[in-house]
Amino acid sequence: MIRSTILAMGALIVVGGAFAARVSGTSTGAQFPVYAGETPTLPSVPYAYEDIGLPDYLDVHEIRQWDTTPADNPITDAGATLGRVLFYDVRLSLNQTVSCATCHRQEHGFSDPGRVSAGFEGRHTTRNSMALAFARFDRNRQFFWDERAQTLEALALEPIQDPIEMGMTLDELTARLASTAFYPALFDDAFGTPEVKPDRVSRALAQFIRSIVASNSRYDAARQAQGGAPGRPLASLTEQENRGLELFFGPGRCEQCHVGDLFMGKQPTGNGLDSTVTDPGSGNGRFKIVSLRNIGLTAPYMHDGRFETLEEVVEHYDSGMHASPALDLRLRGRDGQPLRMNFSAEDREALVAFLHALSDTTMATDPRWANPFATAATDAGPAPLQIDVIGSIPVRSAATFRLRAR
């Protein structure tokens, strides 16, 4: 039964019982699930995270050599299951309103559709949340836009402790999780004892993130069927997509930075976004070269989310790059100035079409990576209500909402 306290003008202050809510931040327009106080619903037989494989054309040394999985934290079914629950649990934020999944949403390729992300008190970060799929095979094994984290294990704990993003201390986190009815058993399954410890939280989250290997795009199917080296025309792609592929691997020079079938870089670069450095990134305005896999799902683009569409991204590399000391040599002409590709409108459209062929849309609904609390809320009976955030109160767990039937 839903139990709530409703004030005049539709403001909802207290909600309890078997209640599921969906909250939208007015500053970004993004909607994300919040299921506070629920118990996750998990399959009786765990999903097979250990054996998430690659298609044969990717299951080669050239790809496997970039595996970021450390010897002391292999992916296990129980470990990634725990990581999945942690990833979606708002208990990881101070006022229990934000989870990892708030800013890394499955339907958006585990990225944030907002230009920058809103934290637990409504304040905003300065960068767009990066997509997480294929982080397991990161070519330079450094993470965040400025590459400050050397491992996914280190990455996992930073947002939890960030004063804007989630606002927790590790002591508060472990005490809160240990006091739940279900976490000790999940930690026992994953690590052999029920003890909740920060390093176990980070290891479980890293296992879950590494399990997100989505290789079921139209490009993957075409490459698997045809084989050979990347960059050749593919029979099952359209004429327009193959023109985009030709440009990407040829005169467009995209592949010089987004390399091979991972479409990923190996070192940070300056890509001509500005003439002066306003965000130093990893130094001198250089940022991580992210994978283009699932790029059609992960708008907006660049470290600050400045481009809303792939058309804008292509236009930038075609004619919009700025000269600056940070501009990578690969993006300069012989005169040292930014390259001007001078693509035709048809070529720009072809590049965008090819980039969309890199997206695995099945990832967006795959139950292995879905919200286990959403399942719990649905099974509890009442249909979710729609809630719009209209303000936040700077205390640990209070917020003001407007309620409407869904």
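Up top you'll find the structure we're talking about.
Residues numbered from 1 in each chain as written. Predicted model: local features only at pLDDT ≥ 70, side-chain atom pairs only at ≥ 80, totals over all residues. Heavy atoms only, no water.

(A) Representation of the overall build of the protein. Across its full length, the protein holds twelve helices and six strands. Sorting the 406 residues of the protein into buried and exposed places 52% on the buried side. Across the protein, the fraction of contacts at a sequence separation of at least 24, relative to all contacts at a separation of at least 6, is 65%. In the structure as shown, the protein presents an accessible area of about 17,800 Å², 53% of it carried by carbon and sulfur atoms. (Helix = DSSP H or I, 4+ residues; strand = E, 2+ residues; numbered from the N terminus. Buried < 20%, exposed > 50% of the residue type's maximum accessible area, 1.4 Å probe, protein only. Contact = heavy atoms within 4.5 Å. Areas by Shrake-Rupley, 256 points an atom, 1.4 Å probe, with all protein chains shown as cover.)

(B) A look at the packing of aromatic side chains. Enumeration according to the criterion identifies 18 aromatic pairs in this entry. Seen from their ring centres, Phe87 and Phe110 are 5.9 Å apart, and the 65° between their planes marks the pair as edge-to-face. Note that Phe87 is positioned in helix 2 (residues 77–88) and Phe110 in the loop between helix 3 (100–103) and helix 4 (152–161), a separation of 23 residues in sequence. Take Phe87: its relative accessible area is 2%, and that puts it in the buried class. By relative accessible area, which is 0% here, Phe110 ends up buried. Judged by centre distance (6.1 Å) and plane angle (45°), the rings of Phe134 and Phe137 are tilted. (Phe/Tyr/Trp six-rings, centres within 6.5 Å; stacked < 30°, edge-to-face > 60°.)

(C) Spotlight on the packing of helix 4 against helix 7 (residues 198–211). As a packed pair, helix 4 and helix 7 sit with axes 8 Å apart at the nearest point and diverge in direction by 110°. Relative to helix 7, helix 4 is oriented roughly perpendicular. As helix 4 packs across helix 7, the resulting crossing turns out to be right-handed. Note on element contacts: helix 7 touches helix 4 through Pro198, Val201, Ser202, Arg203, Leu205, Ala206, Ile209 and Arg210, opposite Leu152, Glu153, Leu155, Ala156, Leu157 and Ile160. When grouped by side-chain class, the residues that make up the contact of helix 4 with helix 7 number ten nonpolar, one polar and three charged. (Axes fitted to C-alpha atoms, helices over the stretch in contact; angles between N-to-C directions. Parallel < 35°, antiparallel > 145°, perpendicular 65-115°, else oblique. Left-handed = near helix turned anticlockwise from the far one by under 90°. Nonpolar A, V, L, I, M, F, W, Y, C, P; charged D, E, K, R; others polar.)

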